[in-house]
Amino acid sequence: MNMNKKLLKETQPVVYKTLSNALTKDHLAHAYLFEGDKSAPKKETALLFAQSLVCQHKDEDGFACQECDACKRIEHGEAIDYKWIDGTKNRIKKNDVLKIQELFETTSAEIEDRRIYVLEGFDDATVDASNSLLKFLEEPAPGIFGILIADEKSNILPTIQSRCQWIHFRPASRMNVVNKLIEKCDQDTAQMLANSGYTYNKACELLEYEEFSIIRQAAKDYVKNMGSMNEIFSLQSEVFIAKGSLMKKEWIRLWIQWVLYELKKDGNNLSLAKRVKIQTILVEAMDILRRPVDLALFLDKIYFDIKKVVKSLN
Ligand SMILES: [Zn+2]
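Along each chain, numbering runs from 1 in the same order as the chain's sequence is written. It should be noted that, the model being predicted, local features are given only for residues of pLDDT at least 70 and side-chain atom pairs only at 80 or more, the latter also being counted only at that level, while totals for whole chains, interfaces and linings use all residues. To obtain the side-chain values, all non-hydrogen atoms of the structure were used and water was disregarded.

(A) The arrangement of the coordination of the zinc ion in detail. For Na, K and Ca the donor cut-off is 3.2 Å; for every other metal, N, O and S atoms count as donors within 2.8 Å. Water does not enter the count, which can leave sites looking incomplete. Protein coordination of the zinc ion is provided by Cys55 (SG), Cys65 (SG), Cys68 (SG) and Cys71 (SG), with donor distances spanning 2.3 to 2.4 Å. Only two sets of limits are used to name each site, 85 to 135 degrees for every angle of a tetrahedral four-donor site, and over 155 degrees for opposite donors with all other angles from 65 to 115 for a square planar four-donor or octahedral six-donor site, with any other site named irregular. Between the four donor atoms coordinating the zinc ion, the angles at the centre fall across 105 to 117°, so the site counts as tetrahedral. All donors of the zinc ion come from a single chain, and their spacing in sequence reads C-x9-C-x2-C-x2-C. Here Cys68 lies in the loop between α3 (42–54) and α4 (69–75) and Cys55 lies in the loop between α3 and α4, a separation of 13 residues in the sequence. For every residue, the accessible area obtained with a 1.4 Å probe (protein chains only) is divided by the maximum for its type, and the residue is called buried under 20%, exposed over 50%, and partly exposed between those limits. Relative accessible area serves as the criterion here: at 14%, Cys68 is assigned to the buried category. Every helix listed is a DSSP run of H or I at least four residues long, and every strand listed is a run of E at least two residues long, numbered separately from the N terminus.

(B) Broad picture of the environment of Lys58. As for its position among the elements, Lys58 is in the loop between α3 and α4. Separated by 35 residues in sequence, Lys58 and Leu23 place their C-alpha atoms 9.6 Å apart. Residues are treated as being in contact if the distance between any of their heavy atoms lies within 4.5 Å. For Lys58, the contacting residues outside a window of four places in its chain are Ser52, Phe63 and Ala64. Under this definition, polar contacts are N or O atom pairs within 3.5 Å; protein pairs additionally need one hydrogen-donor-capable and one acceptor-capable atom, and for neighbouring residues in sequence, both atoms have to be side-chain atoms. In terms of polar contacts, Lys58 uses its side chain to reach the backbone carbonyl oxygen of Ser52, at 3.4 Å.

(C) View of the packing of aromatic side chains. Stacked, tilted and edge-to-face are the three classes assigned to paired rings of Phe, Tyr and Trp, where Trp is represented by its six-membered ring and a pair needs centres within 6.5 Å; plane angles under 30 degrees give stacked, over 60 edge-to-face, the rest tilted. One pass over the full model with this rule turns up eleven aromatic pairs. Both rings, one in Phe212 and one in Trp258, keep their centres 5.4 Å apart while their planes meet at 65°; by these two values the pair is edge-to-face. One end of the pair, Phe212, is in helix α11 (residues 210–224); the other, Trp258, is in helix α13 (residues 249–264), and 46 residues separate them in sequence. A ring pair is formed by Tyr222 and Trp255, whose centres lie 5.2 Å apart and whose planes are at 50°; its orientation type is tilted. Residue Tyr222 is found in helix α11, and its partner Trp255 is found in helix α13; the two are separated by 33 residues along the sequence. Overall, the relative accessible area of 1% leaves Tyr222 in the buried class. What makes Trp255 buried here is its relative accessible area of 0%. Every member of this aromatic cluster is reached through a ring pair, and the members are Tyr32, Phe34, Phe49 and Phe169. Charge-over-ring placement is defined geometrically: NZ (Lys) or CZ (Arg) within 6 Å of the ring centre, and within 35 degrees of the ring normal. The cationic tip of Lys153 hangs over the ring face of Trp166; the distance from NZ or CZ to the ring centre is 3.5 Å.

(D) The arrangement of the domain arrangement of the chain in detail. Start and end points for every domain follow an automatic or database-based domain assignment. Looking at the chain, the domain boundaries give domain 1 (5–172) and domain 2 (209–311). Each of domain 1 and domain 2 has a C-alpha centre, and these two points are 39 Å apart.

(E) Spatial organisation of the sheet that holds strand β2 (residues 82–86). Any two strands are treated as partners once DSSP identifies two or more bridges connecting them. One open sheet holds the five strands; their spatial order is β2-β3-β4-β1-β5, and the pairing between them is parallel. The open sheet has two edge strands, β2 and β5 (165–169), and neither has a second partner. Averaged over all adjacent pairs, the angle separating strand axes in this sheet is 15°, with direction ignored. Pairing between strand β3 (residues 115–120) and strand β4 (residues 144–150): six bridges, direction parallel. An axis is simply a line fitted to the C-alpha atoms; with a helix, the fit covers only the stretch in contact. Between two such axes, the angle follows the N-to-C directions and lies from 0 to 180 degrees.

Right, dumping it as structure tokens:
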């Protein structure tokens, strides 16, 4: 998941300049708060910044090469004096923060005498976790660097905010994502991915899977013959097969987004009223997909709810 440095410079010029200054002049804060809209590449930038703190082959702006051994070990989470905690799935708890403190006390830094921790989704951390981190931030040990990542800065204790250097990210613009993506795929695919809110990096990641083109074709075919039993059978038996590689939330979400995108284009024979009803079904389905759900039953319900709309008289 390498960050495209040129793209970062173009789309987040202030972030780029601030971090570049800190790195080239070695004016580093003990803790950074990367905050801003969900769509902004905070995570990718945090990884690049962590790499830049240890890489020995930095570019003229002070950023990591992303290729050397030290960079790769950070990327794969294998460096012992580096810890990334993903708090977007499970809230960051006191114990997570304590473990980092212990780890940094008991190990000696391998590279450049620097230890780095990243706390992703810190805006959702527990109060106890925040208090533990606060103690850590109040007595900063030399060579330890923290990066907190948050969508919502206001959810973070003001006392923590004040001990971090803020790096504010602006929302990623869709045009930027599309323009960059057309180097990797056709215009239609780029448009669909950007409209659905994928970041450039996430979109590139998806494009590398062969599943991606299967989903694209399946969605296009489905929209042409929406509601036909043949289409439903082929989805059930060729695409979303029980225990198949596509029977995963991520691919199902992509398929739904693609169907939504195709529906908005002209060229299918559905009335506007029907299209609106089908869009509602799909948008609600995206919400349901956030919760634990039996995927096969979930898909069957979508197929048949949509079939009912297509076959209805008005
Ligand atoms: Zn490097």
